[in-house]
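Coordinate analysis (summary)
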Amino acid sequence: MKLTGRDAAGYFKKPDPARTGILIYGADAMRVALKRQELIAALIGPQGEEEMRLSRIPASDLRKDPAMLSDALKAQSFFPGPRVAFVEDATDTLAKTVTNALQDWQAGDAQIVITAGALKASSSLRKLFESHKNAYAVGLYDDPPTRAEIEADLKSGGLTNISPDAMTDLEGLSRVLGPGDFRQTIEKLSLYKLTDDTPVSPADVAACAPTSTEVGLDDILNVVAEGQSAQIGPILAKLGAQGVQPVGLCIGAMRHFRTLHAASADPKGPAAGMGRMRPPVFGPRRDRMIRQAQTWGSGNLEKAIRLLVDTDLQLRSTAKSPDMALMERALIRLSMMSQRRS
């Protein structure tokens, strides 16, 4: 039988131990692994593996010895409780072996859990589980988690007091991070708020989100966008010492000012426009960029982007000019422009 959507999410958290088994397949190996871990933990409990109630069978080993799966179904542990026979990275070449195991299965045997990569609708392994009356097939695709799934993960981490803005940030974060990174972010947030009963805020989410590769550029971009010309030289010198190249700095500046322009040009205002950014902008950084977009206005931001495009062309040309000095001049000109509203 097929399991999809909310039914699949509910089953992973509270599986039926009387089922024969389940096939979990999908192109994203991390997504499949996380759901498999969740399912097996729900079936046998946190001590199940220590109590030898979990049999791990690599697909490569099962191909060499097809009897391994049937033996694992019947094997008894020294400890009472439900058992699982887990086959990892299965393919259609194991369809016959799995068919025999499903036919041999009886109540009280270990439940069969099989994971696989992307399987077409014509896959014999997929058809086997989809047509079975007492087994499930679940396909995992690259869709971001639903709000309900995010709330369930937060609840599992002990986080139930979430501000609306923080939930919006988490939903945005789930769309740009892989499932493993997003799960780690939730775990980090749970530890971050361990002794704090106040609602989770956007600042908390920003503090726990993976560090952006552009964080090192934020200081210079903010002082430029906010017209603090006197600080450009010292910060630029530090960035140069850290190995930041003028072309990379120019690209980061263009990305920053294009984001401000898109927010400024939004019909509902910069705040609404910033909320639509992909990848999303979080917490205090978002508030700061909204203020920058409001200060600049669309006209000045268009001029700023043109200046940066011209600077990028000069940096990439064959002219023998001091690149960092050229970039510094452009940034100073930008900071002076921020004082003039369009």
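Residues numbered from 1 in each chain as written. Predicted model: local features only at pLDDT ≥ 70, side-chain atom pairs only at ≥ 80, totals over all residues. Heavy atoms only, no water.

Some details on the pairing of strand β2 (residues 21-26)
With 6 of 6 residues buried, β2 is to be regarded as a mostly interior element. In this sheet, strand β5 (residues 111-116) lies alongside β2 in parallel orientation, the contact comprising 5 bridges. Its bridge partner being in β5, Tyr-25 is matched across the sheet by Ala-116. Pairing of β2 with strand β6 (residues 135-140) involves 6 bridges; the strand directions are parallel. Paired with Leu-23 across the bridge in β6 is Ala-137. (Buried < 20%, exposed > 50% of the residue type's maximum accessible area, 1.4 Å probe, protein only. Helix = DSSP H or I, 4+ residues; strand = E, 2+ residues; numbered from the N terminus. Pairing = 2+ DSSP bridges.)

Overview of unusual backbone geometry
Located in the positive-phi region is Met-52, a residue other than glycine, with phi close to 60°. Take Met-52: it is sitting in the loop between α2 (29-44) and β3 (54-58). Its identity is not glycine, yet Asp-89 carries a phi of approximately 60°, on the positive side. Mapped onto the elements of the fold, Asp-89 is located in strand β4 (residues 84-90).

Points about the sheet that holds β3
If you trace the 6 strands from one edge of the open sheet to the other, you get β1-β6-β2-β5-β4-β3, paired in parallel fashion. The sheet terminates laterally at β1 (2-3) and β3, the two strands that pair on one side only.

Some remarks on the side chain of Arg-53
With respect to the helices, strands and loops of the structure, Arg-53 is situated in the loop between α2 and β3. Look at Arg-53 and you get buried, because its relative accessible area is 6%. Within the structure, the side chain of Arg-53 is placed 3.0 Å from the side chain of Glu-51, a separation counted as a polar contact. Contacts of Arg-53, omitting those with residues within four sequence positions, involve Ile-44, Gln-47, Gly-48, Ser-77, Phe-79, Pro-80, Gly-81, Pro-82, Arg-83 and Val-84. (Polar contact = N/O pair within 3.5 Å; in protein donor to acceptor, adjacent residues only side chain to side chain. Contact = heavy atoms within 4.5 Å.)

Observations regarding the environment of Lys-120
With respect to the helices and strands, the residue Lys-120 is situated in the loop between β5 and α6 (124-130). Separated by 53 residues in the primary sequence, Lys-120 and Ala-67 have C-alpha atoms spaced 27 Å apart.

Digging into the nonpolar core
Counting 35 residues, the largest nonpolar core has Ile-220, Phe-257, Leu-331 and Leu-334 as its most contacted members. Looking at this core, the elements with two or more residues in it are α11 (215-225), α12 (232-241), α13 (246-264), α15 (283-316) and α16 (323-337). Here this core takes 10 residues from α15, the largest share from any one element. Dropping the residues within four chain positions of it, Ile-220 is found in contact with Ile-232, Ile-235, Leu-236, Leu-239, Leu-249 and Leu-331. Counting 26 residues, the second-largest nonpolar core is a separate cluster that includes Leu-62, Leu-69, Trp-105 and Ala-116. (Core = buried A, V, L, I, M, F, W, Y, C linked by side-chain atoms within 4.5 Å.)

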